[in-house]
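# Working through the structure, step by step
Each chain is listed here by its residues.
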Amino acid sequence: RGIERIGNNLSFWKFVPFVGLLAVTYFYLIAEPLYVSEACVTLKSGSSSASSGVGALLAATPFGSSGSSSDVGALMEHIDSPEMLRILDKKFHLRQWYSSPDRWFWNRMPANASDEDFLAFYQSRIEIDNQSAVNMLDIRVVDYTPERARAISEAIIDESEAFMNKLNDKITEVTLREARQELTAAMAAVSTVQPYERSLAESRLSTAQQSLLSATLVAKEQQEFMIRVSHSTLPTQSDRPKRIIDVMASILIAAALYVVVFLLWQNVLDHRRV
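The structure displayed is predicted, hence computed values, not measured ones.

### Describing the sheet that holds strand β2 (residues 126-131)
Spatially, the four strands line up as an open sheet ordered β2-β3-β1-β4, and their pairing is antiparallel. Of all the strands in the sheet, the pair left with one neighbour each is β2 and β4 (224-230). Each adjacent strand pair in this sheet contributes to an overall mean axis angle of 25 degrees, direction not counted. Bridging between strand β1 (residues 35-45) and β4 involves six bridges; their strand directions are antiparallel. Counted as the bridge partner of L43 is M226 from β4. Against the sheet, helix α4 (residues 71-79) touches β1, β2, β3 (136-143) and β4, its axis set at about 175 degrees to β2.

See the structure below:
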(Lines give C-alpha, C1' and ligand atoms only; values in the text may rest on other atoms or scores of the structure.)
Protein backbone atom coordinates (compact mmCIF):
# COMPACT_ATOMS: atom_id res chain seq x y z
CA ARG A 1 0.00 0.00 0.00
CA GLY A 2 2.93 2.30 0.68
CA ILE A 3 4.19 1.88 -2.90
CA GLU A 4 0.68 2.43 -4.21
CA ARG A 5 0.36 5.64 -2.17
CA ILE A 6 3.67 6.91 -3.57
CA GLY A 7 2.51 6.10 -7.08
CA ASN A 8 -0.73 7.99 -6.56
CA ASN A 9 1.01 11.04 -5.10
CA LEU A 10 3.83 11.22 -7.65
CA SER A 11 1.96 12.80 -10.54
CA PHE A 12 3.31 13.56 -13.98
CA TRP A 13 3.36 17.28 -13.18
CA LYS A 14 5.48 16.66 -10.11
CA PHE A 15 7.94 14.11 -11.48
CA VAL A 16 8.82 15.71 -14.83
CA PRO A 17 9.40 19.28 -13.52
CA PHE A 18 11.50 17.81 -10.70
CA VAL A 19 13.70 16.00 -13.21
CA GLY A 20 13.88 19.20 -15.25
CA LEU A 21 15.03 21.12 -12.18
CA LEU A 22 17.71 18.52 -11.50
CA ALA A 23 18.85 18.72 -15.14
CA VAL A 24 19.06 22.52 -15.02
CA THR A 25 21.02 22.36 -11.76
CA TYR A 26 23.46 19.81 -13.17
CA PHE A 27 24.05 21.18 -16.66
CA TYR A 28 24.19 24.86 -15.65
CA LEU A 29 25.84 24.70 -12.22
CA ILE A 30 27.72 21.40 -11.87
CA ALA A 31 28.71 19.94 -15.26
CA GLU A 32 32.31 20.63 -16.24
CA PRO A 33 32.54 22.84 -19.35
CA LEU A 34 34.28 21.38 -22.39
CA TYR A 35 35.81 23.35 -25.23
CA VAL A 36 35.95 22.47 -28.93
CA SER A 37 38.72 23.51 -31.30
CA GLU A 38 37.84 23.13 -34.98
CA ALA A 39 40.06 22.85 -38.03
CA CYS A 40 39.52 21.90 -41.65
CA VAL A 41 41.90 20.19 -44.08
CA THR A 42 41.66 18.93 -47.62
CA LEU A 43 43.67 16.55 -49.78
CA LYS A 44 44.86 17.52 -53.24
CA SER A 45 46.46 15.11 -55.69
CA GLY A 46 49.45 15.81 -57.89
CA SER A 47 47.14 15.53 -60.89
CA SER A 48 43.39 15.92 -60.96
CA SER A 49 43.18 13.01 -63.40
CA ALA A 50 45.34 10.69 -61.33
CA SER A 51 43.80 7.92 -59.32
CA SER A 52 44.53 7.61 -55.63
CA GLY A 53 48.07 6.45 -54.94
CA VAL A 54 47.72 6.05 -51.20
CA GLY A 55 44.82 3.64 -51.51
CA ALA A 56 47.01 1.13 -53.31
CA LEU A 57 49.45 1.16 -50.41
CA LEU A 58 46.94 0.80 -47.59
CA ALA A 59 47.17 -2.97 -47.58
CA ALA A 60 50.82 -2.63 -46.58
CA THR A 61 50.17 -0.18 -43.72
CA PRO A 62 48.72 -0.66 -40.22
CA PHE A 63 45.85 1.61 -41.20
CA GLY A 64 44.42 -0.48 -44.00
CA SER A 65 42.76 -3.11 -41.87
CA SER A 66 39.29 -1.73 -42.48
CA GLY A 67 39.72 -2.00 -46.24
CA SER A 68 39.40 1.75 -46.86
CA SER A 69 40.56 2.62 -50.37
CA SER A 70 40.45 6.41 -50.07
CA ASP A 71 43.19 8.74 -48.94
CA VAL A 72 40.71 10.59 -46.74
CA GLY A 73 39.71 7.30 -45.15
CA ALA A 74 43.36 6.45 -44.49
CA LEU A 75 43.91 9.83 -42.85
CA MET A 76 40.80 9.43 -40.67
CA GLU A 77 42.01 6.03 -39.50
CA HIS A 78 45.42 7.46 -38.71
CA ILE A 79 43.94 10.25 -36.58
CA ASP A 80 41.98 7.65 -34.59
CA SER A 81 44.87 5.19 -34.43
CA PRO A 82 46.93 4.00 -31.43
CA GLU A 83 50.01 5.44 -33.15
CA MET A 84 48.51 8.94 -33.12
CA LEU A 85 47.50 8.48 -29.50
CA ARG A 86 51.05 7.46 -28.54
CA ILE A 87 52.43 10.60 -30.16
CA LEU A 88 49.91 12.86 -28.44
CA ASP A 89 50.26 11.09 -25.09
CA LYS A 90 54.03 11.61 -25.18
CA LYS A 91 53.58 15.29 -25.94
CA PHE A 92 50.56 16.15 -23.77
CA HIS A 93 50.51 13.33 -21.16
CA LEU A 94 46.94 12.55 -22.12
CA ARG A 95 46.52 9.50 -19.86
CA GLN A 96 47.36 11.57 -16.82
CA TRP A 97 45.30 14.52 -18.11
CA TYR A 98 42.18 12.49 -18.87
CA SER A 99 42.27 10.65 -15.53
CA SER A 100 43.11 13.64 -13.32
CA PRO A 101 41.06 13.91 -10.10
CA ASP A 102 40.42 17.53 -11.10
CA ARG A 103 38.09 16.27 -13.82
CA TRP A 104 34.38 15.89 -13.11
CA PHE A 105 33.41 12.24 -12.63
CA TRP A 106 31.43 11.92 -15.86
CA ASN A 107 34.25 13.43 -17.92
CA ARG A 108 37.09 11.46 -16.34
CA MET A 109 38.84 8.34 -17.56
CA PRO A 110 39.65 5.70 -14.91
CA ALA A 111 43.28 5.93 -13.81
CA ASN A 112 43.75 2.18 -14.42
CA ALA A 113 42.13 2.21 -17.86
CA SER A 114 43.45 -0.38 -20.30
CA ASP A 115 45.13 0.67 -23.53
CA GLU A 116 41.91 -0.19 -25.38
CA ASP A 117 39.81 1.95 -23.03
CA PHE A 118 42.37 4.75 -23.25
CA LEU A 119 42.10 4.67 -27.04
CA ALA A 120 38.28 4.64 -26.87
CA PHE A 121 38.29 7.63 -24.49
CA TYR A 122 40.67 9.53 -26.78
CA GLN A 123 38.47 8.75 -29.78
CA SER A 124 35.46 10.12 -27.90
CA ARG A 125 37.34 13.43 -27.68
CA ILE A 126 38.04 13.56 -31.42
CA GLU A 127 35.24 14.21 -33.91
CA ILE A 128 35.91 13.90 -37.63
CA ASP A 129 33.37 14.93 -40.25
CA ASN A 130 34.19 13.58 -43.69
CA GLN A 131 32.86 15.86 -46.41
CA SER A 132 33.53 13.31 -49.12
CA ALA A 133 31.91 15.38 -51.87
CA VAL A 134 34.66 17.99 -51.58
CA ASN A 135 37.41 15.73 -50.20
CA MET A 136 37.62 17.65 -46.93
CA LEU A 137 37.83 16.75 -43.25
CA ASP A 138 36.43 18.83 -40.42
CA ILE A 139 38.37 17.93 -37.28
CA ARG A 140 37.05 18.86 -33.83
CA VAL A 141 39.01 18.31 -30.62
CA VAL A 142 37.11 18.38 -27.31
CA ASP A 143 39.08 19.21 -24.19
CA TYR A 144 38.84 20.76 -20.75
CA THR A 145 40.61 24.02 -21.65
CA PRO A 146 40.46 26.07 -24.87
CA GLU A 147 44.25 26.40 -25.13
CA ARG A 148 44.84 22.68 -24.80
CA ALA A 149 42.05 21.86 -27.26
CA ARG A 150 43.75 24.02 -29.88
CA ALA A 151 47.21 22.67 -29.09
CA ILE A 152 46.06 19.05 -29.47
CA SER A 153 44.25 19.94 -32.70
CA GLU A 154 47.38 21.55 -34.15
CA ALA A 155 49.48 18.54 -33.14
CA ILE A 156 47.02 16.19 -34.85
CA ILE A 157 47.17 18.22 -38.06
CA ASP A 158 50.98 18.43 -37.97
CA GLU A 159 51.24 14.66 -37.49
CA SER A 160 48.64 14.04 -40.20
CA GLU A 161 50.69 16.12 -42.60
CA ALA A 162 53.79 14.09 -41.74
CA PHE A 163 51.79 10.90 -42.24
CA MET A 164 50.75 11.95 -45.75
CA ASN A 165 54.34 12.91 -46.59
CA LYS A 166 55.56 9.47 -45.49
CA LEU A 167 52.97 7.81 -47.70
CA ASN A 168 54.03 10.01 -50.60
CA ASP A 169 57.64 8.94 -50.06
CA LYS A 170 56.50 5.32 -50.09
CA ILE A 171 54.58 5.89 -53.31
CA THR A 172 57.68 7.34 -54.94
CA GLU A 173 59.86 4.49 -53.70
CA VAL A 174 57.51 1.77 -54.94
CA THR A 175 56.81 3.45 -58.27
CA LEU A 176 60.42 4.21 -59.15
CA ARG A 177 62.09 1.07 -57.80
CA GLU A 178 61.83 -1.07 -60.92
CA ALA A 179 62.69 1.79 -63.30
CA ARG A 180 65.80 2.65 -61.26
CA GLN A 181 66.90 -0.98 -61.20
CA GLU A 182 66.54 -1.21 -64.97
CA LEU A 183 68.49 2.04 -65.47
CA THR A 184 71.32 0.80 -63.27
CA ALA A 185 71.48 -2.45 -65.22
CA ALA A 186 71.42 -0.59 -68.56
CA MET A 187 74.25 1.72 -67.49
CA ALA A 188 76.33 -1.25 -66.41
CA ALA A 189 75.67 -2.96 -69.74
CA VAL A 190 76.85 0.07 -71.74
CA SER A 191 80.16 0.13 -69.89
CA THR A 192 80.85 -3.59 -70.24
CA VAL A 193 79.50 -4.78 -73.61
CA GLN A 194 81.58 -5.44 -76.68
CA PRO A 195 81.74 -2.64 -79.30
CA TYR A 196 79.45 -4.47 -81.73
CA GLU A 197 76.80 -4.73 -78.99
CA ARG A 198 77.10 -1.12 -77.84
CA SER A 199 74.32 0.18 -80.04
CA LEU A 200 71.87 -2.29 -78.54
CA ALA A 201 73.04 -1.44 -75.01
CA GLU A 202 72.70 2.29 -75.63
CA SER A 203 69.19 1.74 -76.96
CA ARG A 204 68.36 -0.14 -73.78
CA LEU A 205 69.82 2.70 -71.72
CA SER A 206 67.73 5.29 -73.58
CA THR A 207 64.60 3.24 -72.99
CA ALA A 208 65.44 2.89 -69.30
CA GLN A 209 65.94 6.64 -68.97
CA GLN A 210 62.56 7.29 -70.58
CA SER A 211 60.94 4.72 -68.30
CA LEU A 212 62.41 6.41 -65.23
CA LEU A 213 61.14 9.79 -66.40
CA SER A 214 57.65 8.38 -66.98
CA ALA A 215 57.68 6.64 -63.60
CA THR A 216 58.70 9.90 -61.92
CA LEU A 217 55.75 11.71 -63.51
CA VAL A 218 53.38 8.93 -62.47
CA ALA A 219 54.69 9.05 -58.90
CA LYS A 220 54.09 12.79 -58.73
CA GLU A 221 50.57 12.38 -60.07
CA GLN A 222 49.76 9.72 -57.49
CA GLN A 223 50.87 11.77 -54.51
CA GLU A 224 48.32 13.39 -52.21
CA PHE A 225 49.07 16.58 -50.29
CA MET A 226 47.24 17.78 -47.20
CA ILE A 227 46.29 21.45 -47.27
CA ARG A 228 44.96 23.39 -44.30
CA VAL A 229 41.71 25.10 -45.19
CA SER A 230 41.40 26.63 -41.73
CA HIS A 231 43.73 26.54 -38.73
CA SER A 232 42.68 25.23 -35.34
CA THR A 233 40.42 27.68 -33.58
CA LEU A 234 40.82 28.93 -30.02
CA PRO A 235 37.33 28.56 -28.51
CA THR A 236 36.15 31.54 -26.48
CA GLN A 237 33.26 29.76 -24.77
CA SER A 238 32.42 26.20 -23.79
CA ASP A 239 30.55 24.16 -26.37
CA ARG A 240 29.78 21.14 -24.18
CA PRO A 241 27.52 20.29 -22.58
CA LYS A 242 24.88 21.70 -24.91
CA ARG A 243 22.84 22.88 -21.98
CA ILE A 244 19.47 23.73 -23.51
CA ILE A 245 19.45 20.60 -25.68
CA ASP A 246 20.57 18.38 -22.79
CA VAL A 247 17.94 19.81 -20.42
CA MET A 248 15.19 19.35 -23.00
CA ALA A 249 16.37 15.79 -23.69
CA SER A 250 16.31 15.03 -19.95
CA ILE A 251 12.74 16.32 -19.68
CA LEU A 252 11.58 14.29 -22.68
CA ILE A 253 13.24 11.14 -21.36
CA ALA A 254 11.67 11.72 -17.93
CA ALA A 255 8.25 12.19 -19.51
CA ALA A 256 8.58 9.04 -21.61
CA LEU A 257 9.85 7.07 -18.60
CA TYR A 258 6.95 8.26 -16.46
CA VAL A 259 4.38 7.23 -19.07
CA VAL A 260 5.93 3.77 -19.46
CA VAL A 261 6.16 3.18 -15.69
CA PHE A 262 2.65 4.56 -15.17
CA LEU A 263 1.17 2.20 -17.76
CA LEU A 264 3.03 -0.78 -16.29
CA TRP A 265 1.89 0.17 -12.79
CA GLN A 266 -1.72 0.50 -13.89
CA ASN A 267 -1.48 -2.92 -15.49
CA VAL A 268 -0.21 -4.37 -12.20
CA LEU A 269 -3.05 -2.73 -10.27
CA ASP A 270 -5.62 -4.06 -12.72
CA HIS A 271 -4.31 -7.59 -12.24
CA ARG A 272 -4.43 -7.18 -8.45
CA ARG A 273 -8.07 -6.11 -8.58
CA VAL A 274 -8.92 -9.14 -10.66
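What follows continues from the structure just given.
### Topic: the packing of α4 against helix α8 (residues 146-192)
In the contact formed by α4 and α8, the axes pass within 10 Å of each other and the chain directions differ by 130 degrees. Put simply, α4 runs oblique to α8. As α4 runs across α8, the sense of the crossing is right-handed. Facing α4, whose interface residues are A74, L75, H78 and I79, α8 presents I156, E159, S160, F163 and M164. Looking at side-chain class alone, the contact of α4 with α8 contains six nonpolar, two polar and one charged residues.

### Thoughts on unusual backbone geometry
Here the amide bond leading from R240 into P241 is cis, since omega sits at -5 degrees, within 30 degrees of zero. As for its placement among the helices and strands, P241 is situated in the loop between β4 and α10 (243-273). One non-glycine residue with positive phi stands out, namely H93, at about 55 degrees. As for its placement among the helices and strands, H93 is situated in the loop between α5 (82-92) and α6 (94-98).

### Quick look at the pairing of β2
Note that β2 and β3 share six bridges and pair antiparallel. Residue pairing across strands places N130 opposite L137, the latter belonging to β3. The hairpin formed by β2 and β3 contains four residues between the paired strands, and N135 there has a positive phi angle of roughly 60 degrees.

What counts, and at which threshold
Residues numbered from 1 in each chain as written. Predicted model: local features only at pLDDT ≥ 70, side-chain atom pairs only at ≥ 80, totals over all residues. Heavy atoms only, no water. Pairing = 2+ DSSP bridges. Helix = DSSP H or I, 4+ residues; strand = E, 2+ residues; numbered from the N terminus. Axes fitted to C-alpha atoms, helices over the stretch in contact; angles between N-to-C directions. Contact = heavy atoms within 4.5 Å. Parallel < 35°, antiparallel > 145°, perpendicular 65-115°, else oblique. Left-handed = near helix turned anticlockwise from the far one by under 90°. Nonpolar A, V, L, I, M, F, W, Y, C, P; charged D, E, K, R; others polar.

By themselves these figures say nothing about function.
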